[in-house]
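The primary structure of each chain is shown beneath.
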Amino acid sequence: RNLLDRDTFSKSDPICVLYTQAIGNKEWREFGRTEVIDNTLNPDFVRKFIMDYFFEERENLRFDFYDVDSKSPNLSKHDFLGQMFCTLGEIVGSQGSRLEKSIVGIPGKKCGTVIVTAEELGCCRDSVLMQFCANKLDKKDFFGKSDPFLVFLRSNEDGSFTICHKTEVVKNTLNPVWQAFKISVRALCNGDYDRTIKVEVYDWDRDGSHDFIGEFTTSYRELSRGQSQFNVYEVINPKKKGKKKKYVNSGTVTLLSFLIETEVSFLDYIKGGTQINFTVAIDFTASNGNPSQPTSLHYMNPYQLNAYGMALKAVGEIIQDYDSDKMFPALGFGARLPPDGRVSHEFALNGNPQNPYCHGIDGVMEAYYRSLKSVQLYGPTNFAPVINHVARYAASVKDGSQYFVLLIITDGVISDMAQTKESIVNASKLPMSIIIVGVGPAEFDAMEELDEDVVRISSRGKFAERDIVQFVPFRDYIDRSGNHVLSMARLAKDVLAEIPEQFLSYMRVRGIKPLPAPPPYTPPIHVLQTQI
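Looking at an unreviewed UniProt entry, one finds the protein named CPNE8 protein, with Oxyruncus cristatus as its source organism.

Structural data, given as structure tokens:
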């Protein structure tokens, strides 16, 4: 909207060029270009960019705008109209997945705004529940009737077939009714509604040499008509058909029901306005070492982040895209606080217990550095108070409108294991996840016990309702060449990868459906422009 006008006699002819950035070397690469729209300062570009989206990765994007003056593909031959920087998460995390941002890059000029919307490609998220029965199938067994089962195969681009489903065997009948089964549309036809689906009918034999009764073909589109005369299929055995003149068929198979179920995704909730609230808790115990010494894990090096700073920034910079107010509570534990030296396991890094919120990840970093100067590192290492702190907030909003992620960064061995397990079991019923990053050289065996990938956490005989804890040692991610950007990207990728599934498991257990997205933006109607 309102692009700069660079043409003397008419309006600009804009094009948009999208660049993405490689994680390690920060180099911008061209991803694609839209079409050129002639003679307008308010273009609505049609060409879409299809990108892979990962919640756990930060994908930096740059949109450059040019006024096209000739047929040349070389961008330096055209007039630059400005650019916009954002992340893919920022677009997806905006209300309705629609981001409006100012175009910058030409000093002293208002360059207009750009509106970017994102939508998840959805054709392949459906699954179908289908049920079939058959009538008058050929009798294959000498003593009894047949024991029929069906095999479903999808066709591939090269004409071959891949098996995608087998029904159960129904014993001793020529008129079987099979149980309803659920299959993803992807597996059934690769999301292509007109692709051939072949169904083979067999008579089961104990020795595995199942007898072929016959086959028929259909497609997702045909099946989707549901129970009707179109969905009664003749089972044909080509060999018999070739030999016998009077051969009609080897029975019929009928579709009894066809129900489409759409699987909802993490992005459906984000699009519907669910906010992710991020809280950070930092370990201020004495085992970290004196912050003024270079050997300390809390050492404030003026030239580079310490391990706490790196872990905080790596995770926080990705999560902040999903939190509209960008206000993050930041807590500390295991320190003696001024003025009286009392030990606290849940203190506000900004010094304000009534309002522990910091503005943006930079605000959290600032509060962290400030409190390092004012508190005395002490002990023990108790996690339960900060877990319960976040749980109190999570317990007050269980309607699916908010989800809480707590990041605990610690150097060591946990002192209140029993209480922490109790807190985690209680928190597993709430809309929250816990990420624990271990920094420094300590043995973190006890932490592995909290990450339930192997065994469910229990406390006093009660088991955690869902897996909500993810633990990683930071040392596993340190890049050998000293490239901290890579270390941070790897760490974030691993600790955040489980969050969408943990989020969905809460919503599923509670039966919470995503809210509809706000209505899409419709541009004001103006005179239709011709497009190249």
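So, the sheet that holds strand 8 (residues 148-155)
If you trace the 4 strands from one edge of the open sheet to the other, you get 9-8-11-12, paired in antiparallel fashion. Whereas interior strands pair on both sides, the edge strands pair on one side only; in this sheet they are strand 9 (161-166) and strand 12 (211-219). Sheet twist, expressed as the average angle between the axes of neighbouring strands with direction ignored, equals 30°. Pairing of strand 11 (residues 196-203) with strand 12, which is carried by 8 bridges, proceeds in the antiparallel orientation. Across the sheet, the residue bridging to Ile197 is Thr218, located in strand 12.

Concerning the pattern of salt bridges
Within this structure, the stated rule accounts for 22 salt bridges. Where Glu100 meets Arg98, a salt bridge forms, and the shortest distance between an N and an O atom there is 3.4 Å. On the basis of relative accessibility, which here comes to 23%, the residue Arg98 falls in the partly exposed class. A salt bridge links Asp192 to Arg195; the nearest nitrogen and oxygen atoms lie 3.5 Å apart. Classification of Arg195 as buried rests on a relative accessible area of 12%. Where salt bridges share partners, they join Arg58, Lys313, Glu317 and Asp362 into one cluster.

Describing a negative patch on the surface
A cluster of acidic side chains, namely Glu443, Asp445, Glu448, Asp476 and Asp494, defines a negative patch on the protein surface. Considering the arrangement of structural elements, one finds Asp494 in helix 11 (residues 484-496). Classification of Asp494 by relative accessible area gives partly exposed; the value is 37%.

Quick look at the sheet that holds strand 21 (residues 376-377)
A sheet is described by the order of its strands in space; here 3 strands give the open sequence 18-17-21, paired in antiparallel fashion. Of all the strands in the sheet, just strand 18 (342-344) and strand 21 have a single pairing partner and so form its edges. With 2 bridges joining them, strand 17 (residues 335-337) and strand 21 adopt antiparallel strand pairing. When the sheet's bridge partners are listed, Ala335 is paired in strand 21 with Leu377.

What counts as what
- Residues numbered from 1 in each chain as written.
- Predicted model: local features only at pLDDT ≥ 70, side-chain atom pairs only at ≥ 80, totals over all residues.
- Heavy atoms only, no water.
- Pairing = 2+ DSSP bridges.
- Helix = DSSP H or I, 4+ residues; strand = E, 2+ residues; numbered from the N terminus.
- Axes fitted to C-alpha atoms, helices over the stretch in contact; angles between N-to-C directions.
- Salt bridge = Lys/Arg side-chain N within 4 Å of Asp/Glu carboxyl O.
- Buried < 20%, exposed > 50% of the residue type's maximum accessible area, 1.4 Å probe, protein only.
- Patch = residues over 30% accessible without salt bridge, like charges linked within 9 Å, V, L, I, M, F, W, Y side chains within 5 Å.
- Areas by Shrake-Rupley, 256 points an atom, 1.4 Å probe, with all protein chains shown as cover.
- Lys, Arg positive; Asp, Glu negative; His and termini not counted.
- Charge placed at Lys NZ, Arg CZ, Asp CG, Glu CD.

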